[in-house]
Amino acid sequence: MKLEGIVLRIIRYKESSAIAHVLTDDYGLISIMCQGIYRNKNWVIPPALETMSVTNFVLNEGRTMYYLDEIESTKRMDILSESHSAFLSAHILSEIILKTLETNYVLSNIYPLTKTYLLNLTDENAYFLTAAWILKYMSFLGYKPFITDEKSNLYLTREGVM
């Protein structure tokens with residue numbers, strides 16, 4: 001099967017393999033076993049599996065996870081290596097997704113929101129864009145922002161009222 005995904009995290013597994021956690025549009029958050037990617041002993045993550053890269057995968061479906069067959073193409077997020085604020089913002093976003101989404105849970109708007117975020121991320125807008133992404137993401141999860149008139153405090157509730 002072919003699909004596009006955003007790599008959220010990669011964890012070394014055994015001697016020469018890794019497990020990538022990838023956000024996809026059709027399957028939600030999935031785990032991909034990447035067997036033998038560290039075979040040459042240089043221990044460098046391939047560019048296609050760098051955190052927050054947008055990658056086209058060819059996968060085989062296993063019983064508990066997917067297995068990497070090949071990587072077709074990658075859109076590297078060069079801004080992450082050029083800007084400290086963009087790097088931090090994108091990694092915060094990655095952790096939010098990993099900590100709040102269940103594996104294989106599909107929420108149709110999260111992938112396009114995250115991809116748009118990455119494609120528009122710059123050093124100048126990193127913090128503002130991340131704040132906007134977080135508010136939109138929380139609304140997709142069912143929380144609505146509510147601002148009181150008295151002290152201008154922001155509260156997030158499922159109902160949107162205090």
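Here the structure is a predicted model, which means the values were calculated and not measured. (Residues numbered from 1 in each chain as written. Predicted model: local features only at pLDDT ≥ 70, side-chain atom pairs only at ≥ 80, totals over all residues. Heavy atoms only, no water.)

Section: the packing of helix α3 (residues 110–120) against helix α4 (residues 126–140)
For the record, the criterion: All axes are obtained by fitting lines to C-alpha atoms, using only the stretch in contact for helices, and the reported angles, taken between N-to-C directions, cover 0 to 180 degrees. Under the DSSP-based scheme used, a helix requires at least four consecutive residues in state H or I and a strand at least two consecutive residues in state E, with every element numbered from the N terminus. Here roughly perpendicular refers to angles of 65 to 115 degrees, roughly parallel to angles under 35, roughly antiparallel to angles over 145, and oblique to all remaining angles. In this description, contact between two residues means that some pair of their heavy atoms is separated by no more than 4.5 Å. Charged means Asp, Glu, Lys or Arg here, nonpolar means Ala, Val, Leu, Ile, Met, Phe, Trp, Tyr, Cys or Pro, and polar covers whatever is left, Gly included.
Running from N to C, α3 and α4 cross one another at 175°; their axes reach a closest spacing of 11 Å. As the angle between them shows, α3 and α4 are arranged roughly antiparallel. Residues I110, L113, T114, Y117 and N120 of α3 pack against A126, L129, T130, W133, K136, Y137 and F140 of α4. Looking at the contact of α3 with α4 residue by residue, the class counts come to 8 nonpolar, 3 polar and 1 charged.

Quick look at α4
To be explicit about the condition: The span one expects for a helix is its residue count, reduced by one, times 1.5 Å. Here's how the labels work: a residue is buried when its accessible area is under 20% of the maximum for its type, exposed when over 50%, partly exposed in between, all with a 1.4 Å probe on protein chains only. What the arc measures is the spread of directions leading from the helix axis to the C-beta atoms.
In a regular helix each residue adds 1.5 Å, so 15 residues correspond to 21 Å; α4 covers 21 Å between its end C-alpha atoms and thus fits that length. Within α4 the residues assigned to the buried category are A126, T130, W133 and Y137. The buried residues of α4 occupy an angular sector of 60° when projected down its axis, which confines them to one face. Those residues of α4 hidden inside the fold are in contact with α2 (84–100) and α3. Looking one or two residues beyond α4, the residue adopting positive phi is G142, at roughly 110°.

Digging into the pattern of salt bridges
Which entries qualify depends on this criterion: A carboxyl oxygen of Asp or Glu within 4 Å of a side-chain nitrogen of Lys or Arg is what we treat as a salt bridge.
Counting across every chain of the model gives 4 salt bridges. Between E72 and K2 there is a salt bridge, and its shortest N-O distance comes to 3.4 Å. Highlighted residues: E72 in strand β5 (residues 66–75) and K2 in strand β1 (residues 2–13), separated in sequence by 70 residues. Look at E72 and you get partly exposed, because its relative accessible area is 41%. Using a relative accessible area of 62% as the deciding quantity, one classes K2 as exposed. Of the charged contacts, one joins K99 and E95 as a salt bridge, the two residues approaching to 3.6 Å between their closest N and O atoms.

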